[in-house]
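So the chains spell out like this:
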2 protein chains.
Amino acid sequence: MPSQLSRRQLLSLIGKTGGSAAVLHSVRALELMAAPPAPAHHSRILTPLSATASKRPTVVVLGAGMGGLSAAFELEQAGYDVTVLEASHRIGGRNFTVRAGTVIDELGNRQICDFDDDPGLYFNAGPARLPAMHLRIMNYCREFSIELEPFINSNYNAWVVDEAMNQGQRLRQRDVIADARGFIAELAAKGVSNPSLDAPVTNVDMEKLQDYVAGFGDLNPELMRYEGSIRAGLTTDGMLDPITLKPFGSLKELVESQFANVGMLFAENEYQAPSMMQPRGGMDRIVDAFVDRLSRPPTTRARVIEIVNGDDGVTVHYERDDKIQTLRADYCLNSIPGHLMSGIKHNLSKDYTQLLGHVQRGMLSKVGFQMSRRFWEDEGIYGGISWTDRSTLQVWYPSHGSQRAKGVVLGAYIFNPNHNAEFGRLSHKERLEYATVSGEALHPGQYRAHIESGVSVVWHRMNHLLGCGGGVGDIDDLFNTESDKIRAGLLAGDGRHFMLGDQISKHPGWQEGALAATERVLQTIQRLESSRQMRSAS
Amino acid sequence: MPSQLSRRQLLSLIGKTGGSAAVLHSVRALELMAAPPAPAHHSRILTPLSATASKRPTVVVLGAGMGGLSAAFELEQAGYDVTVLEASHRIGGRNFTVRAGTVIDELGNRQICDFDDDPGLYFNAGPARLPAMHLRIMNYCREFSIELEPFINSNYNAWVVDEAMNQGQRLRQRDVIADARGFIAELAAKGVSNPSLDAPVTNVDMEKLQDYVAGFGDLNPELMRYEGSIRAGLTTDGMLDPITLKPFGSLKELVESQFANVGMLFAENEYQAPSMMQPRGGMDRIVDAFVDRLSRPPTTRARVIEIVNGDDGVTVHYERDDKIQTLRADYCLNSIPGHLMSGIKHNLSKDYTQLLGHVQRGMLSKVGFQMSRRFWEDEGIYGGISWTDRSTLQVWYPSHGSQRAKGVVLGAYIFNPNHNAEFGRLSHKERLEYATVSGEALHPGQYRAHIESGVSVVWHRMNHLLGCGGGVGDIDDLFNTESDKIRAGLLAGDGRHFMLGDQISKHPGWQEGALAATERVLQTIQRLESSRQMRSAS
């Protein structure tokens, strides 16, 4: 995922701050000396309402996912009167932990999870990891005393199966990673001796550069060649006897593999790099913590059918228990998936409706398997991800419960939209079989034999959501300023109606995105309320 | 740590197995298809003695570290009569977890740890992490139901302070890592276009290679230049608004830094790569588990003064309670540090004594600080290691207890022998002050202010050990076959006397090395006993 900013754009950007190399250095020094921006809710987002206010402002929040729950929590903390409506039978949205007895409410394909009733045997079907950089969600976990444990996102011992490499037979990732760094360093060494070389080596001591390149790739320092590396492990036990290196692979295979181009670079990503965390017991501990702190729980099975946005309040009509009910509030915070809003009657402005049309559906699917034995730990694999070039893409091993009897693995995490569409059309049984074949290639003779139970969660078919991870515009292009404008418009709201949720952030599919959107919307409501109070005081 | 095997040596080695590229591939496929070598003690190392044997063979084990304890356990499981003598007041050797009240028995510098009495506030002064590849220790943990939790060894959010970079001001490791991969990839791109290029790019599709190199370093794919990367994080929050990249550093600074040459590559190491584990509650859970399973605990405060190796048994004279006591056994397994054997009277053969002379003392020092608040978690740091170019080298953040109130950090891990000698000469107070200064550079305004209590463990001054991590020959040169021969000689034993311990392995300082040595020695004893039993049966 190379940056979309050209050198020229970057320099112009730096130029605006000062312009010289010295400035660059001082910018960097200053910026990095500072701790990351202190998150807004070390303290609360909203200033508490004055206790003497004649009337508490009312808010209706649509949707009880992380966006809606965090908004309701913060509003109540500040003294607002909040009602949360949720279309589904359950609270949490895509923060969804599946365990014994959990109903998976997929349209036309209802499942009930029959994992063993054991607190360690769960499957986070939605968000499953907390990047340490996502300070909002981390701070809520701290505030709510949610116990966090490390989530292992990268494991050099885990496997890769890729048709392009090793004749399609599994390899340890450590082999491929060692080869990749080695070959790149060998090429870099040739780059250093390239007569047409200019930047970036100006003023660099050539001997030190050679040492650095050799160390980077574990090259033979005399020949500056990659000849295999102990980083890949050894063919022998390596504790007592003479050791031999594993033979190394070919650059051609590497270059043609999906793994070297995607999987290997995955944990370099700004929010996938170590360390990451998970709540002990399941991601929905966070949902529970919010709900426990609300004065009344969200109203479930409440399906919104019309939103009437008025100058002095918003009226929401919803269906519950086969009856149409009506709720009126000063503000409406709406986390209904944007792509579902076209099916809901509303009088939002033409401009705002047009912005809403940019919110995409998104598709992601996961499979979870309860395994009768943690056979992967026999192979030295504790947590982390194995990669396959089949559409199931990943197998995750649980980061918790090491060396216990059983474990739940993620058996598929499908990203590609076409693959998701295809996978969603399969029956539950066919999906599990499809994922089993991928797993079996990673663990021949073990994987299928240990499966006790499986669930599939295809988010674009999940009732009341019908999508996942959809955002505005091309979500992979974080530098797209057109998408930024659309997001800003949606967050600014239309009168007293505001869209919420990860869908309006640059990180759809991440809880932090939803929390950031909540924070922004509440800042706007804070301003509106402050000026209203000033007006009524004057 | 580049491999010491030349391409020629490697090829000759592969040649012996088959010789052609096709063979190389099939060797690799076969070798990697297999799970790692099944460790010997999935089942026991020794065949249990026949119940009808007239007399149980007796063994005296010298030293109750991991080598001695594992030997005693395995011998007892097989029916041997075992006595363990330990010179110190405590059991465990360098598997040493310091917590409230622990006595640190340093010569001339006795300390008592005054951390809070809290099961999460401990400091592993010796081994502190279990590589998933170390199957022997992992299997004991499983057999003994020792709960393991992830140990975070690498953390992109942690800091680096290096005089060579950023004017000595701290940087996030993610910045340096992104820059390093970027510059190396930019050089590699120049290497690809080097007219004198030959191997390894034969037959490689140039377009795919460019994509791969660009992806590896997150280059601007049009210019094949490194221009900063989102992997380093952003100057802005990145959730809602237009984003800007952080300015990137200079190759010159990188190349001259210690971090880019050492720290950054550290977790690429074959036994430092993720995932790693730690026992919940402290490394000495493993010691406790062994001791719990012995028929009688090791005899502590038993200082060996003479070993008499005879044809039909070994006599050990030791001092305890100011009295000389004598023990006679069929075998003696000796894990006394090799460098201390010169002070113990013995009649080992001249050849064996000469081999013993190769075992080095080794020096390693650690500092542990109890911090009143986990201030590093405010900065998005959960576990992992910050690096400094001062001799204290590392600061480790606890991988457990995230978001609790207090935590124990490792405040120094000194590797360099000269630095260790120097550090060991300081008073306890001076050591803590020295480490505090390093920590303060990593966490300005936070580190010193939060220190509640500190301990220093200087292994080369610890009573009855006077060393740590010493091995045979140059322990960094794993390919040295002279050292391999010395190790083999020591493990083969001298008559009925055998050396034990990590000191005789290629991985001194690692518990797995001690377990591997135990395994080898017990295999020899198994052979000796089998042939003796056959002789007595005939």
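The preceding data block contains the structure.
The rules behind each value
Residues numbered from 1 in each chain as written. Chains lettered and ligands numbered in written order. Predicted model: local features only at pLDDT ≥ 70, side-chain atom pairs only at ≥ 80, totals over all residues. Heavy atoms only, no water. Salt bridge = Lys/Arg side-chain N within 4 Å of Asp/Glu carboxyl O. Helix = DSSP H or I, 4+ residues; strand = E, 2+ residues; numbered from the N terminus. Buried < 20%, exposed > 50% of the residue type's maximum accessible area, 1.4 Å probe, protein only. Pairing = 2+ DSSP bridges. Expected span 1.5 Å × (residues − 1). Contact = heavy atoms within 4.5 Å. Polar contact = N/O pair within 3.5 Å; in protein donor to acceptor, adjacent residues only side chain to side chain. Least-squares fit on C-alpha atoms with pLDDT ≥ 70 in both. Axes fitted to C-alpha atoms, helices over the stretch in contact; angles between N-to-C directions. Parallel < 35°, antiparallel > 145°, perpendicular 65-115°, else oblique. Left-handed = near helix turned anticlockwise from the far one by under 90°. Nonpolar A, V, L, I, M, F, W, Y, C, P; charged D, E, K, R; others polar. Core = buried A, V, L, I, M, F, W, Y, C linked by side-chain atoms within 4.5 Å.

Asks: Could you give me a rundown of the pattern of salt bridges, with the residues and numbers involved?
Replies: This model, assessed by the stated rule, comprises 68 salt bridges over all chains. The residue Glu379(A) makes a salt bridge to Arg170(A) at a minimum N-O spacing of 3.5 Å. In this pair, Glu379(A) is assigned in the loop between helix H11 (375-378) and strand S18 (384-388) and Arg170(A) in the loop between strand S9 (159-161) and strand S10 (171-172), connecting sequence segments 209 residues apart. No difference in accessibility class separates Glu379(A) from Arg170(A), as the two residues are buried. It is possible to trace a salt-bridge network through shared partners that takes in Glu147(A), Glu149(A), Arg280(A), Glu147(B), Glu149(B) and Arg280(B).

Asks: Explain the pairing of strand S15 (residues 331-334) of chain B to me, using residue names and the numbers behind them.
Replies: All names here are of chain B. What you see with S15 is no split at all: Tyr331 and Leu333 on one side and Cys332 and Asn334 on the other are buried throughout. Bridge count for strand S1 (residues 58-62) against S15 is four bridges, and the pairing is parallel. Paired with Val59 across the two strands is Tyr331, which belongs to S15. With three bridges joining them, S15 and strand S22 (residues 497-499) adopt parallel strand pairing. In the sheet register, Cys332 faces S22, and the bridge partner there is His497.

Asks: Could you give an account of helix H15 (residues 481-492) of chain A, naming the residues involved and the relevant values?
Replies: Residues and elements named next belong to chain A. Relative to the 16 Å expected for 12 residues at 1.5 Å per residue, H15 spans 16 Å between its end C-alpha atoms, a close match to the ideal helical length. Elements that come into contact with the buried residues of H15 comprise helix H10 (350-356), strand S22 (497-499) and helix H16 (511-537). Where H15 begins, the side chain of Asn480 points an oxygen toward the backbone nitrogen of Glu482, at a separation of 2.8 Å.

Asks: Which residues make up the sheet that holds strand S14 (residues 323-329) of chain A, and what are the values?
Replies: Residues and elements named next belong to chain A. The sheet built from four strands is open, its strands ordered S14-S13-S12-S16 with mixed pairing. Of all the strands in the sheet, just S14 and strand S16 (345-346) have a single pairing partner and so form its edges. The pairing of strand S12 (residues 303-310) with strand S13 (residues 313-320) spans seven bridges and is classified as antiparallel. Residue pairing for S13: Val308 is matched across the bridge by Thr315.

Asks: Hey, could you go over helix H4 (residues 135-143) of chain A for me, with residue numbers and the actual values?
Replies: The α-helix advances 3.6 residues per turn, and as a result positions three or four apart in sequence lie on the same side. All names here are of chain A. Counting buried residues in H4 gives seven out of nine residues, a clear majority hidden from the surface. Along H4, the residues that are buried comprise Leu135, Arg136, Ile137, Met138, Asn139, Tyr140 and Cys141. Among the residues trailing H4, Ser145 stands out with phi positive, at a value near 55 degrees.

Asks: Please set out the environment of Arg136(B) residue by residue, giving values where relevant.
Replies: Residues and elements named next belong to chain B. Mapped onto the elements, Arg136 comes out in helix H4 (residues 135-143). On the basis of relative accessible area, Arg136 is assigned to the buried category, the value being 8%. With 377 residues separating them along the chain, Arg136 and Gly513 place their C-alpha atoms 9.4 Å apart. In this structure the side chain of Arg136 is engaged in a polar contact, spanning 2.7 Å, whose partner is the side chain of Glu519.

Asks: Before we move on, can you summarise the relation of the copies chain B and chain A with the specific residues and values?
Replies: By a simple turn and slide, chain B fits onto chain A: the slide is 0.0 Å along the axis, the RMSD is 0.0 Å, and the turn is 180 degrees. Taken together, the rotation and translation describe the operation of a two-fold axis. Residue by residue, 99% of the interface of chain B is reproduced at the interface of chain A, so both copies engage with the same surface.

Asks: Which residues make up the packing of helix H3 (residues 66-77) of chain B against H4(B), and what values do they have?
Replies: Residues and elements named next belong to chain B. Here H3 crosses H4 at 55 degrees, and the two axes come no closer than 13 Å. By the angle class used here, H3 and H4 are oblique. Here H3 and H4 pass one another in a crossing that is left-handed. Across from Met66, Ser70, Phe73 and Glu74 in H3, the residues of H4 making contact are Ile137, Tyr140 and Glu143. In terms of residue class, the contact of H3 with H4 is built from four nonpolar, one polar and two charged.

Asks: Describe the nonpolar core, and please don't skip the residues or the numbers.
Replies: By size, the foremost hydrophobic cluster in this structure holds 124 residues, and its most contacted members are Tyr212(A), Val213(A), Tyr212(B) and Val213(B). With sequence-adjacent residues up to four places away left out, Val213(B) is seen in contact with Ile184(A), Leu187(A), Ala185(B), Ala188(B), Ala189(B), Leu219(B) and Met224(B). Listed in part, the 73 residues of the second largest apolar core include Phe144(A), Ile146(A), Val472(A) and Ala516(A).

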